[in-house]
Amino acid sequence: PIQRMEVFAFGTAALPRGDADDGSGSSNSGGLGLGGLCTVVKHGVGAQAAVGFATVAAVSDRGDGLVCGWDAETQRFATEPRLLPLRPALLSCAGDAVFAVTNPEQKPEQRGDDEDQEVPVLHVFSGSHAQQPLDAIAARVTHLSAATPSLAMLASEGNLYAWGDLNAWLNRPSDGLTLRLLAPLAVTQLACGPSHCVVLVAPGRVFTFGHGGHGQLGHGSTDSEPSPRVVETLDGMAMTSVACGAWHSLVLADTGDVYSFGSNKYGQLGRRTAEEVTSRGAAEPHKEGDISNGDVVSCTEPGLVTFPANNNSDGEVVSITAIACGSAHSAAIDDEGRLYSWGRGAQGQHGDADGHHDRSAPSLVAATKDYSVQKIVCGSDTWMWFACGQKRQ
């Protein structure tokens, strides 16, 4: 049985439309404040949760789809969760939209919808409920990732699909709402940024494609890739998880090491700060494969994220078990349930009550020190993340 978890939110959640951030790094009464307890905990959070720019969605331990945050239909910010009219197999958030997939063999309790569907259905909630039958997929969808309301990725039966305007930024014709088969890959996980995607393929290979202007594809250049291409630097090592920010990417290896590549404007790679690059001069990249973008270096090839020594293990190197990316901040959990964050902190993403500063290297999140953190989710379009964890005994 799924154990009950507590859910914490940090940073500035999306404010009600028309309101402005006062610059303090914490939201007004319309949002989820710094260190606030997310209300979805009242229903018990199951295995899935997602964060968008203005929404938080989760599957409850009873299988219900729950959403709180900006309601495009009422034009109000709701801190109490509302029930989706279906029981989703998969959930993802982008902007103020919620994407959900129902699979045919589920026979979901869809209130008012057809229960005799023969193909998976992609549901989009953004003020109204739109449904897109996935006719090209005869079996169940196993993975879903969304980055903007016009971009969704799906994987099923070893195939990688795109839905929406995925190719618009590559100067290729958009298929609109037509499902497109991108590649026959044995997908085990996928992650989307606003304009690039990272795909984990059995037995642990990493492919990327999309816009590469900040090096976020990890191919040693800023070229874009219209189709999935293997990240050669990581080939031969077994990877277990992938994550996408707006312009950076993280990959977790089975050794517990984390690799990062892409933009490091706010220190989100955990490899060096913009200040260090500026002081050395943008004309002097730190290593071959880095490129200058103004006074900030983008790393075009994967490199190791440096974690602090584990003080409870006599200086033993930290072993990471989970990773996540926000737009310009990153997070990770180690094998002892400790939570780390780095990158942009201007909106309180790191849970610091006494300051909102960028972090160039991973550091422990003090607010979760009494918890064994089990899950992290970062919003791709917002300065917010939340963690689920069991209270330490």
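Check the entry above for the structure.
Residues numbered from 1 in each chain as written. Predicted model: local features only at pLDDT ≥ 70, side-chain atom pairs only at ≥ 80, totals over all residues. Heavy atoms only, no water.

With that out of the way, let us pick up the sheet that holds strand β23 (residues 320-325). Where strands meet in a sheet, backbone hydrogen bonds hold them as pairs that are either parallel or antiparallel. If you trace the four strands from one edge of the open sheet to the other, you get β23-β24-β25-β26, paired in antiparallel fashion. The open sheet has two edge strands, β23 and β26 (359-364), and neither has a second partner. Adjacent strand axes in the sheet meet at a mean angle of 15 degrees when their direction is disregarded. Relative to strand β24 (residues 329-334), β23 runs antiparallel, the two being bridged by five bridges. Opposite C325, over in β24, you have S330 as the bridge partner. (Pairing = 2+ DSSP bridges. Helix = DSSP H or I, 4+ residues; strand = E, 2+ residues; numbered from the N terminus. Axes fitted to C-alpha atoms, helices over the stretch in contact; angles between N-to-C directions.)

As enumerated under the stated definition, the model contains seven salt bridges in all. The partner of R229 in a salt bridge is E225, with the nearest N and O atoms 2.9 Å apart. Of the charged contacts in the structure, one is a salt bridge between D334 and R338, with a shortest N-O distance of 3.5 Å. Given the relative accessible area of 2%, D334 is considered buried. Here the salt bridges do not stand alone but share partners, grouping R62, D64 and R87 into one network. (Salt bridge = Lys/Arg side-chain N within 4 Å of Asp/Glu carboxyl O. Buried < 20%, exposed > 50% of the residue type's maximum accessible area, 1.4 Å probe, protein only.)

The next subject is the environment of S363. Looking at where S363 falls in the secondary structure, it is placed in strand β26. Taking the relative accessible area as the measure of exposure, S363 reaches 24% and is therefore partly exposed. Put simply, S363 and S341 are 22 residues apart on the chain and 5.8 Å apart in space, counted from C-alpha to C-alpha. Here S363 is in contact with L339, Y340 and S341, once residues within four sequence places are set aside. At a separation of 2.7 Å, a polar atom in the side chain of S363 contacts the side chain of R359. (Contact = heavy atoms within 4.5 Å. Polar contact = N/O pair within 3.5 Å; in protein donor to acceptor, adjacent residues only side chain to side chain.)

One pass over the full model with this rule turns up three aromatic pairs. Considering the side-chain rings of F307 and Y340, the 5.5 Å spacing of their centres and the 85 degrees angle between planes classify their relative orientation as edge-to-face. Here F307 is found in the loop between β22 (296-304) and β23, whereas its partner Y340 is found in strand β25 (residues 339-343), with 33 residues between them in sequence. Side by side, F307 and Y340 carry an identical accessibility label, which is buried. Arranged with centres 5.5 Å apart and planes meeting at 85 degrees, the rings of F307 and W342 form a pair that is edge-to-face. In this pair, F307 sits in the loop between β22 and β23 while W342 sits in strand β25, placing the two residues 35 residues apart along the sequence. (Phe/Tyr/Trp six-rings, centres within 6.5 Å; stacked < 30°, edge-to-face > 60°.)

All quantities given are derived from atomic positions and should not be read as evidence of function.
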